[in-house]
Amino acid sequence: MDQPVPLSADHHDPFAKPGALTPVGSEPIVRVADLQKFYGDNHVLKGVTLEVYPRETICLIGKSGSGKSTLLRCINFLEEPTVGLIEVDGLRVDADPLRARNRQHQEQIRQIRLRAQMVFQEFNLFPHMKVIDNLIEGPIRVKGVSRDQAIATAENYLAKVGLAEKRDEYPGRLSGGQKQRVAIARALTMEPKVLLFDEPTSALDPTLVGEVINVMEELAHEGATMIVVTHEMAFAREAADRVYFIEGGQFVEVGPPDQVIEDPRDPRTREFLARTFGKAHVPA
Amino acid sequence: MSEAARGGPAGARNEYDLTLARPEDIVRRVAVHRARSRRRFRTIFLLTWLVLVGALVIALAQSGKVDPAFIGKWGPFILGGIPVTLFVSVVSIIFAVVFALFGALGRLSGNPTIYAIATLYVSLVRGTPLIVQIIFVYLALPQFGIVLDPLTSGIFALSFNYGAYLTEIFRAGVEAVPRGQREAAAALGMQERSIMRRVILPQAIRIVTPAIGNDFISMTKDSALVSYVTIEEVFWRANNAGTQTFRNFEALMIAAVVYWVMTIVLSFGQERLEKRMAQSDVRV
Ligand SMILES: Nc1ncnc2c1ncn2[C@@H]1O[C@H](COP(=O)(O)OP(=O)(O)O)[C@@H](O)[C@H]1O
Ligand SMILES: [Mg+2]
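Quick caveat: nothing in here was measured; it's all calculated off a predicted structure.

**Topic: the nonpolar core**
If you look at the biggest cluster of nonpolar residues, it comprises 52 residues, and the most contacted ones within it are Leu60, Leu71, Ile75 and Ile227 of chain A. With six residues, helix H9 (residues 192–222) of chain B is the single largest residue contributor to this core. Once you skip the residues sitting within four places of it in the chain, Ile75 of chain A turns out to touch Val32, Leu50, Ile86, Val88, Ile112, Leu196 and Ile227 of chain A. Phe123, Val209, Ile213 and Ala240 of chain A belong to the second largest nonpolar core, which has 47 residues in total.

Written out as structure tokens, the structure is:
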């Protein structure tokens, strides 16, 4: 693996940044260090540092366009970061915007993706495959698991999200909530170290949000490590260890959900919560 | 009207009188009314065709310039070309799909050489007449020692030509697969080749199936051009029968009717296939 390259004189210790917590006794499983992302001239992420410890659930909140998806998508390299480092479960990958180390970089990205699986807002199930085939595709093609083994694992996770009986359906016949649960099961069959959720309930009819949130809460309580972009404050309050409020590509406020949601310190957080959930967003 | 009498309560004056009718009766009568006007439309349509075509046939028979005995004598010979026409078309469309698959992958390739080759193929083929290509393969290639028998030349030229048009359709089909599909596959850790083969192409092929059907129908007509390389399909036979007997009108008329009926039957089959696909669970 590469030695970390100092980015510039003041970046010698990329993890020694505000937002990085350093509790004793355990190593973070995800580190994002001084992550910056430009789309052309659009400076979308302006130096984000984030550490997530095993079994933690982290919620990212913020306005539309604040860079939440971009941050999540940089962690599994669906977007190439412009500057910064990503580390997942001990595998550390530097931004390589020019693809200077292309071959090696691609392989590292694949390894990162094996460790960090993503659940999308739009589910993105493969419509031409049955549910079970959606679930075994990754393990067989990517991890080289035997078909029988993959099916056993898939059935296990399908049961876990409460959809064992949909095994042989095509995604087109499922409700939105069921699709998203299948998508979660698909991510789980890869047995990743971290789950990334990008607004997993935003495309759902309000009546279907609950079934997905329930699955996610169960995962959180069982000790899955999750980074969740969401507007479901009830989920954040129930499951998150920390809530990050992001604005303009930077973390503005970080803290336990009780504090950030109920008693935001930063006026920008307060304004966001008031605007998104109404003045009376603070429930009992 | 007996239906009206059955559907409405006593006292309804005619089938359009809905006073006092119960809602379920109204629904039933609306359905009956719809079905009846649909049948009426179809009947008039068929009658119009019968009258027009019948009038033409009668006029020709009355003119005394057409020899009805020709049909009995030469009809079977010309019809004998149908299997040849169909064979050439089926084999050519299959090879065209193969050419188009490679063409489209080339047109989507990031490799400039491959992209250039694929683009040259499309440009060259679309920029020259099909008839020139067919005769070129048969008559010009032998100058370089490439001697192909008529059937091979004809099928090669047809499929090479149609492959170029289908290339652009396939490329559009690949591009029509939603972005999220590629992202979901990449996020699983799948490699570019698997993403294409397992996720993108199966969906793209469903998208372009109707276009392949259209091209197949055109192919049955354009296959008449391979008569120039002495393949004894429908048009070759009609042309020969006509010139031998100086009965070109009868011969060409038979050929025209054969092509016409073939396209009607194929279009009908295609319509049913498309309906079946639209109803299937497998949505793209
Ligand atoms: N693929 C892209 N190309 C160009 N600009 C993008 C792209 N994706 C996102 N952006 C821009 O980056 C900013 C942050 O977007 P995003 O991370 O999607 O925000 P969020 O998820 O918080 O709503 C927006 O201004 C958006 O227009
Ligand atoms: Mg977003």
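Right, picking up where we left off after that structure.
**Remarks on the site of ligand 1**
All names here are of chain A. Taken together, Tyr39, Asn42, Val44, Lys63, Ser64, Gly65, Ser66, Gly67, Lys68, Ser69 and Thr70 make up the full set of residues adjacent to ligand 1. One of the side-chain nitrogen or oxygen atoms of Tyr39 is found 3.4 Å away from a nitrogen atom of ligand 1. A distance of 2.7 Å is found between an oxygen atom of ligand 1 and a backbone nitrogen or oxygen belonging to Gly65. With the chains in place, 61% of the 560 Å² that ligand 1 exposes on its own is no longer accessible. Contributing elements (two or more residues each) for the shell around ligand 1: strand E2 (42–52) and helix H1 (68–75). Element by element, the count of residues in the shell around ligand 1 is highest for H1, at three residues. Of the residues belonging to the shell around ligand 1, the class tally is two nonpolar, seven polar and two charged.

**A word on the domain arrangement of chain B**
Residue and element names in this part refer to chain B. For chain B, the assigned domains read domain 1 (14–63) and domain 2 (82–283). Each of domain 1 and domain 2 was reduced to a C-alpha centroid, and the two centroids are 39 Å apart. Counting from both sides, the interface comprises four residues of domain 1 and, opposite them, four residues of domain 2. For the domain 1 face of the interface with domain 2, the top three residues by lost area are Trp49, Val53 and Leu60, together amounting to 88%. Run the count over domain 1 and domain 2 and you get zero salt bridges. If you look at where domain 1 meets domain 2, you find zero residue pairs in polar contact (both at pLDDT 80 or more). Grouping the amino acids of the side of domain 1 that touches domain 2 by side-chain chemistry returns four nonpolar, no polar and no charged.

**Focus on the sheet that holds E2 of chain A**
Residues and elements named next belong to chain A. Strand order in this open sheet of four strands is E2-E1-E4-E5, and the pairing throughout is antiparallel. At either margin of the open sheet sits one strand with a lone partner, and together these are E2 and strand E5 (91–94). Averaged over all adjacent pairs, the angle separating strand axes in this sheet is 20°, with direction ignored. Strand direction decides the pairing type here: strand E4 (residues 83–88) and E5, joined by four bridges, are antiparallel. Bridged to Glu87 within E5 is Arg92. Its contacts with the sheet put H1 on strand E1 (30–39), E2 and E4, and the angle it makes with E1 is roughly 120°. The strands that helix H2 (residues 102–115) touches are E4 and E5; relative to E5, the one it contacts most, it runs at about 130°.

**Describing empty space enclosed by the protein**
What the rule picks out here adds up to two cavities of 30 Å³ or more. The space that makes up the largest cavity amounts to roughly 60 Å³. Taken together, Gln117, Met118, Val119, Phe120, Phe123, Ala183, Arg186 and Ala187 of chain A together with Ala184, Ala187 and Leu188 of chain B make up the lining of the largest cavity. At the level of secondary structure, the elements contributing two or more residues to the lining of the largest cavity comprise strand E6 (116–119) and helix H5 (176–189) of chain A together with helix H8 (179–188) of chain B. By volume, the second largest cavity amounts to about 30 Å³. Taken together, Leu101, Phe170, Val174, Leu201, Ala204, Ile205 and Val208 of chain B form the lining of the second largest cavity.

**Concerning a positive patch on the surface**
Positive charge collects at one region of the surface, where Arg34, Arg38, Arg39 and Arg42 of chain B lie side by side. One can find Arg42 of chain B in helix H2 (residues 23–63).

About the cut-offs
Residues numbered from 1 in each chain as written. Chains lettered and ligands numbered in written order. Predicted model: local features only at pLDDT ≥ 70, side-chain atom pairs only at ≥ 80, totals over all residues. Heavy atoms only, no water. Core = buried A, V, L, I, M, F, W, Y, C linked by side-chain atoms within 4.5 Å. Buried < 20%, exposed > 50% of the residue type's maximum accessible area, 1.4 Å probe, protein only. Helix = DSSP H or I, 4+ residues; strand = E, 2+ residues; numbered from the N terminus. Contact = heavy atoms within 4.5 Å. Near = heavy atom within 4 Å. Polar contact = N/O pair within 3.5 Å; in protein donor to acceptor, adjacent residues only side chain to side chain. Areas by Shrake-Rupley, 256 points an atom, 1.4 Å probe, with all protein chains shown as cover. Nonpolar A, V, L, I, M, F, W, Y, C, P; charged D, E, K, R; others polar. Domains from an automatic or database assignment. Buried area = accessible area lost by both parts, 1.4 Å probe. Salt bridge = Lys/Arg side-chain N within 4 Å of Asp/Glu carboxyl O. Pairing = 2+ DSSP bridges. Axes fitted to C-alpha atoms, helices over the stretch in contact; angles between N-to-C directions. 1 Å grid on protein atoms, 1.4 Å probe; cavity = no way out; pocket = protein on both sides within 12 Å on 5 of 7 lines; lining within 4 Å. Points joined across faces, edges and corners; volume = space filled by probe spheres on them. Patch = residues over 30% accessible without salt bridge, like charges linked within 9 Å, V, L, I, M, F, W, Y side chains within 5 Å. Lys, Arg positive; Asp, Glu negative; His and termini not counted. Charge placed at Lys NZ, Arg CZ, Asp CG, Glu CD.

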